[in-house]
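# Overview (structure and organization)
Residue-level listing of the chains:
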Amino acid sequence: MRVPPGVRHAAPPRPSAPARALAPIRGEFARQLMRIAVPITLQNLVFSSKSIVDAVMLGSQDPLDVAAVGIATKASFVVTIFLIGLSTGAAQIGAQVWGTASSSRGPRLQQTVWLAWAATAVFATVAFVAFSFFPEAVMSTGTSSPDVVERGAEFLRITSFTYLLFAYTSAVAVGLRVMHQPSISMVYALIGVALNVAANAVLIFGLFGAPALGVAGAAYGTLISAVVETALLALHLRATGHLLARFPREVLRRIARTDVVLLLRLSLPAALNSTLWALGVFVFYALVSGVGVDAATAMAVLSPVDSFALAFAIGLANAVAVLVGGTLGGSRMEEAYQQARALIAVGLAVGVLTCLVALALRSPVMALFPTLSPDAADLTTTLYVLMSLGFVLKSVGMVMVMGVLRAGGEARFCLLLDVFAQWVLLIPLALLLRIGFGVDPVYLYALMLVEEAVRITIAARRIRSRRWLRNLVGAEPATSPVEPASSPVEPVETR
C-alpha cells in the first residue's frame, strides 16, 4: 500500500525496560546459562543431601551414633568447603582461558585443571593424615563424650580416603564446567548418591545377610560410593577421548611459575573465604539457637530448607562466573559489563521466585514436624518467612560476588567483603543484641537481611567501578583496570 506524501511511517515500538536490560543474555547465551546452571544446581542439591542421608538412616539407631556422625560430618564439611574454595581459582582462570577461543586453549585448560588437582591434593592429603591418624583429636573438639568420640573417630578414619578422591573430582568438575559440560560430572554425582543410599541401607541395617555395622556402615557406604563415582567419571572421560582424560607431560612441562602464582593468588583467598563463610554461618546460627530451646528447634528445622533453597542461587552464580569469565577472556569488556547487569536482574528474578515457592510450601514443610510445641511452631513459622525473604537478597548477592566479581579475579575483594559483612558487622552485632540486650530471636535472625543488604550495596559499587573487568590470561595486564567506556552507562540495578 502506497503511503500518501507527507505521512510518516509509524516508528516501531520501543522495547520495554526489562527487555532492554535482558538483551545481552538472550539466545544462545541464555541456553548456555541454563545448560550450566541446572546441572550445577543439581550437584549442589546432591552435595547437601549426602550428610542428610547418613543422619536419616542412623535416626533409628543409637542416639550416640547420630551425635557421632553429626559432629564428624561437620568436621568433614569444613574440609570439603575449603577444598571447593581451592578449586574456585581454577574456575576463574579456566573460564577466561576457554573464552579466548584460541587454538591453545585446550592445553592451557589442561594445565589449569592439573594445577587445581595438584593444589587440592596437597591439602586433601593433610586432611587424610589428620582424619586417619588423629580422628579422636578432631572429634574431641566437638564433644567430651568418650563413646561419641570413639564412634565418630571410626567414621572419620574410614571416610578419610574420600578427600583424595574429591581432589580429582572437584578439579575435573571445574574443567567440565568451564567447557559448558557440567552434566557429565552431575550424572556420576547422582549415581554416587544413589549408591550411597543403597550401601548405607545394606551396611547400617545388615540387609541381605550383610553385617549390621551402624556408624561404620554409614562410613563404608560413603567410601564405596566415592570410589565408584570417581572411577566411573575417569572411565567416561577415557572412553570418550575427552580433553580432560589425560594430562600429557609435554603440556605439563610448559607450566610456568607465573601460572602457579596466579592460581594460588586466586585460590587461597577463595578457600579462606569459603571456610570463614561456613564458620560464620555456624556461629550466627549458634547465637540464634542459644536463645532457648524453641529457637534451637526452629533453626534445626530451617537449616536444611535454607541449604536446599540456596542451591538454586549458587548454581546460577557459578554459571555467571563461567559465562562472564569467558567473555572477559575474549577481552570483550563492555559486553561482559552489560552481561553482568542483565544477569544480576536474573538473580533478582530467581530470588523472588525462590521466595514465593518457599512461602507457598511453608504449611507442607511445617506439617513434617507435628511434634513441635506451640511456641516452637510459632517461632519457626515467623523465622521461615524471614528466611524466605532473605532468599531474594542472597540470590542477588551471590550473583554479584560469587558470579560477577569472581569472574574478574576479585578473590581478595570478595574475601574482605564477606569478612566485613559477616565477622565485623553481623556476628558482633548479634552477640551484642543477644548478650547485652537479650533481644527476641526474631530480631536476631532478621540481622541477616541487614548483612545481605550491606554486601549488595558494596558489591554494586565495585561492579559500577568496572575495576573487575580484567583479562587474567591474555596479553592485557591482570592488574590494570579497564577504564569506563566513553558513553555513559546506567548504574547496576540491585532492587
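Everything that follows concerns the structure shown earlier in this document.
Right, let's get into the overall build of the protein. Helix and strand counts for the protein stand at 17 helices and zero strands. Across the 495 residues that make up the protein, the buried fraction comes to 49%. When contacts within the protein are restricted to residue pairs at least 6 apart in sequence, long-range pairs at least 24 apart make up 81% of them. Within the structure as shown, the protein displays about 22700 Å² of accessible surface, and the carbon and sulfur contribution to it stands at 67%.

As enumerated under the stated definition, the model contains one cavity of 30 Å³ or more in all. Of all the secondary structure elements, the ones that give two or more residues to the lining of the largest cavity are α12 (293–329), α13 (333–360) and α15 (374–407). Here the lining of the largest cavity gets four residues from one element, more than from any other, and that element is α12. Considering only residue class, the lining of the largest cavity consists of six nonpolar, three polar and no charged.

On to the packing of aromatic side chains. Each aromatic ring pair is specified by the distance between its two centres and by the angle formed by the two planes. Throughout the structure, instances matching the rule amount to six aromatic pairs. A centroid spacing of 5.5 Å and a plane angle of 70° characterise the contact between phenylalanine 131 and tyrosine 163, whose relative ring orientation is edge-to-face. Within this pair, whereas phenylalanine 131 is found in helix α4 (residues 105–133), its partner tyrosine 163 is found in helix α7 (residues 162–178), the two being separated by 32 residues in sequence. As far as the burial class goes, phenylalanine 131 and tyrosine 163 line up, both buried. Seen from their ring centres, phenylalanine 284 and tyrosine 445 are 6.5 Å apart, and the 25° between their planes marks the pair as stacked.

Right, let's get into the environment of asparagine 318. Structurally, asparagine 318 can be placed in helix α12. A relative accessible area of 17% means that asparagine 318 is categorised as buried. Separated by 281 residues in the primary sequence, asparagine 318 and alanine 37 have C-alpha atoms spaced 7.0 Å apart. Residues in contact with asparagine 318, not counting those within four places in the same chain, are Ile40, Arg177 and Met402.

With that settled, the discussion passes to the pattern of salt bridges. Evaluation of the coordinates by the stated rule reveals nine salt bridges. Glutamate 335 serves as the salt-bridge partner of arginine 332, at 2.9 Å between the closest nitrogen and oxygen. On the accessibility criterion, glutamate 335 (36% relative accessible area) is partly exposed. In this structure, the salt-bridge partner of arginine 455 is glutamate 452, at a minimum N-O distance of 3.0 Å. Taken together, the positions of arginine 455 and glutamate 452, both in helix α17 (residues 441–465) and three residues apart, correspond to about one turn of that helix. Like glutamate 452, arginine 455 is buried.

The next thing to look at is the layout of surface pockets. Estimates place the volume of the second largest pocket at around 590 Å³. Along its surface, the second largest pocket is lined by 24 residues, and Phe308, Ala309, Phe312, Thr354 and Val357 are the ones closest to its centre. Of all the secondary-structure elements, those providing two or more residues to the lining of the second largest pocket are α2 (28–57), α12 and α13. Take the lining of the second largest pocket: its biggest share by element is eight residues, from α12.

Relative to the elements of secondary structure, serine 289 occurs in helix α11 (residues 257–289). A polar contact is formed between the side chain of serine 289 and the backbone oxygen of tyrosine 285, at a distance of 2.7 Å. If sequence neighbours within four positions are ignored, serine 289 has contacts with Ala295, Ala296 and Met299.

Burial of nonpolar side chains together is a common tendency in soluble globular proteins. Ranked by internal contacts, the top residues of the largest apolar core, which has 68 residues, are Leu233, Leu237, Val324, Leu328, Met400, Ile463 and Trp468. Setting aside its immediate chain neighbours within four residues, leucine 237 contacts Tyr168, Val172, Leu176, His242, Leu244 and Ala245. In this structure, Tyr285, Ala358, Leu386 and Met398 belong to the second largest nonpolar core, which totals 29 residues.

Take a nonpolar patch on the surface next. Residues Val187, Ile191, Leu213, Tyr220, Ile224, Val228, Leu232 and Leu235 make up a contiguous nonpolar surface patch of about 600 Å² in total accessible area. The set of elements that each furnish at least two residues to the nonpolar patch consists of α8 (182–205) and α9 (215–239). Along the polypeptide, valine 228 turns up in helix α9.

Between α15 and α17, the least distance of the axes is 9 Å, while the angle of their chain directions is 15°. In this view, α15 runs roughly parallel relative to α17, as classed from their interaxial angle. Between α15 and α17 the crossing geometry is left-handed. Here the residues of the contact of α15 with α17 sort into 22 nonpolar, three polar and four charged.

Looking now at α7. The first and last C-alpha atoms of α7 sit 24 Å apart over 17 residues, in line with the 24 Å expected at 1.5 Å per residue. Within α7, 15 of the 17 residues are buried, which leaves the element mostly enclosed by the surrounding structure. Taken from the residues just after α7, histidine 180 is the one with a positive phi, measuring 65°.

The next thing to look at is helix α6 (residues 146–159). Taking 1.5 Å per residue as the helical rise, α6 with its 14 residues ought to reach 20 Å, and the 20 Å between its terminal C-alpha atoms agrees with that figure. Considered for burial, the residues of α6 that qualify are Val148, Val149, Gly152, Ala153, Phe155, Leu156, Ile158 and Thr159.

With that out of the way, let us pick up the packing of helix α3 (residues 63–99) against α11. The interhelical angle for the contact between α3 and α11, taken along N-to-C directions, is 145°, at an axis separation of 7 Å. α3 and α11 meet at a crossing whose hand is right-handed. Within the contact between the two elements, α3 uses Lys74, Phe77, Val78, Ile81, Phe82, Gly85, Leu86, Thr88, Gly89, Ala90, Gln92 and Ile93 and α11 uses Leu262, Leu263, Leu266, Ser267, Leu268, Ala270, Ala271, Leu272, Ser274, Thr275, Ala278 and Phe282.

About the cut-offs
- Residues numbered from 1 in each chain as written.
- Predicted model: local features only at pLDDT ≥ 70, side-chain atom pairs only at ≥ 80, totals over all residues.
- Heavy atoms only, no water.
- Helix = DSSP H or I, 4+ residues; strand = E, 2+ residues; numbered from the N terminus.
- Buried < 20%, exposed > 50% of the residue type's maximum accessible area, 1.4 Å probe, protein only.
- Contact = heavy atoms within 4.5 Å.
- Areas by Shrake-Rupley, 256 points an atom, 1.4 Å probe, with all protein chains shown as cover.
- 1 Å grid on protein atoms, 1.4 Å probe; cavity = no way out; pocket = protein on both sides within 12 Å on 5 of 7 lines; lining within 4 Å.
- Points joined across faces, edges and corners; volume = space filled by probe spheres on them.
- Nonpolar A, V, L, I, M, F, W, Y, C, P; charged D, E, K, R; others polar.
- Phe/Tyr/Trp six-rings, centres within 6.5 Å; stacked < 30°, edge-to-face > 60°.
- Salt bridge = Lys/Arg side-chain N within 4 Å of Asp/Glu carboxyl O.
- Polar contact = N/O pair within 3.5 Å; in protein donor to acceptor, adjacent residues only side chain to side chain.
- Core = buried A, V, L, I, M, F, W, Y, C linked by side-chain atoms within 4.5 Å.
- Patch = residues over 30% accessible without salt bridge, like charges linked within 9 Å, V, L, I, M, F, W, Y side chains within 5 Å.
- Axes fitted to C-alpha atoms, helices over the stretch in contact; angles between N-to-C directions.
- Parallel < 35°, antiparallel > 145°, perpendicular 65-115°, else oblique.
- Left-handed = near helix turned anticlockwise from the far one by under 90°.
- Expected span 1.5 Å × (residues − 1).

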